[in-house]
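Single-letter residue listing:
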Amino acid sequence: QVQLVESGGGLVQAGGSLRLSCAASGRTFSRYVMGWFRQAPGKEREFTATITWSGGSTYYADSVKGRFTISRDNAKNTVYLQMNSLKPEDTAVYYCAARLIGPSIHSYDYNYWGQGTQVTVSS
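Figured I'd write up the structure that's included with this text. Predicted, not measured: the structure shown is a model, and the values here were computed from it.

**Remarks on the state of the cysteines**
For step 1, the next point in the chain: Per the stated rule, a full pass over the model turns up one disulfide.
For step 2, the next point in the chain: Here cysteine 22 engages in a disulfide with cysteine 96; their sulfurs sit 1.9 Å apart. One quick way to see it: the torsion about the S-S bond of cysteine 22 and cysteine 96 is about 45 degrees, and its sign makes the bridge right-handed. Highlighted residues: cysteine 22 in strand β3 (residues 18–24) and cysteine 96 in strand β9 (residues 92–99), separated in sequence by 74 residues.
For step 3, the next point in the chain: The exposure class of cysteine 96 is buried, given its relative accessible area of 0%.

See below:
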């Protein structure tokens, strides 16, 4: 099993940047595909980005492509989401998630979830 704890959320003005971190427990972090999802008020949870176990492949939602970057440091058991050029529509609770088998854009494919961190972008 793996436990996930997100941090780094906050309030930022439009055009600003934030870096989210997700720290994982356990010694098998490097075996997991990691993903970031987000959920805005009144909306369903949506895929944001995912990264393979080695970090060699990344995938992004069209809405964040070119602005967000997912990365991981297996030595630190941590995955990151660098968010630049933030927009008010990026306001949401951001969750990291883990699964063992291949990258996926579907939340139901992920077995482990963090508690989420709030990101609010003001206009």
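Now that the structure has been shown, we can carry on.
**Focus: the sheet that holds β3**
For step 1, the next point in the chain: Pairing within the open sheet is antiparallel, and its four strands lie in the order β1-β3-β8-β7. Bordering the open sheet on either side are β1 (4–7) and β7 (68–73), each of which pairs with just one other strand. Going from strand to strand, the sheet's axes swing by 15 degrees on average, the running direction of each strand aside.
For step 2, the next point in the chain: Inspection of the sheet shows β3 paired to strand β8 (residues 78–83) by six bridges, in the antiparallel sense. Residue pairing for β8: leucine 20 is matched across the bridge by leucine 81.

**Notes on the environment of serine 17**
For step 1, the next point in the chain: Looking at the element boundaries, serine 17 is found in the loop between β2 (10–13) and β3.
For step 2, the next point in the chain: A sequence separation of 50 residues divides serine 17 from arginine 67, and the C-alpha atoms of the two residues are 9.5 Å apart.
For step 3, the next point in the chain: The contact partners of serine 17, leaving out residues within four places of it in the chain, are Val12, Gln82, Met83, Asn84, Ser85 and Leu86.

What counts, and where the lines are drawn
- Residues numbered from 1 in each chain as written.
- Predicted model: local features only at pLDDT ≥ 70, side-chain atom pairs only at ≥ 80, totals over all residues.
- Heavy atoms only, no water.
- Disulfide = S-S within 2.5 Å.
- Helix = DSSP H or I, 4+ residues; strand = E, 2+ residues; numbered from the N terminus.
- Buried < 20%, exposed > 50% of the residue type's maximum accessible area, 1.4 Å probe, protein only.
- Pairing = 2+ DSSP bridges.
- Axes fitted to C-alpha atoms, helices over the stretch in contact; angles between N-to-C directions.
- Contact = heavy atoms within 4.5 Å.

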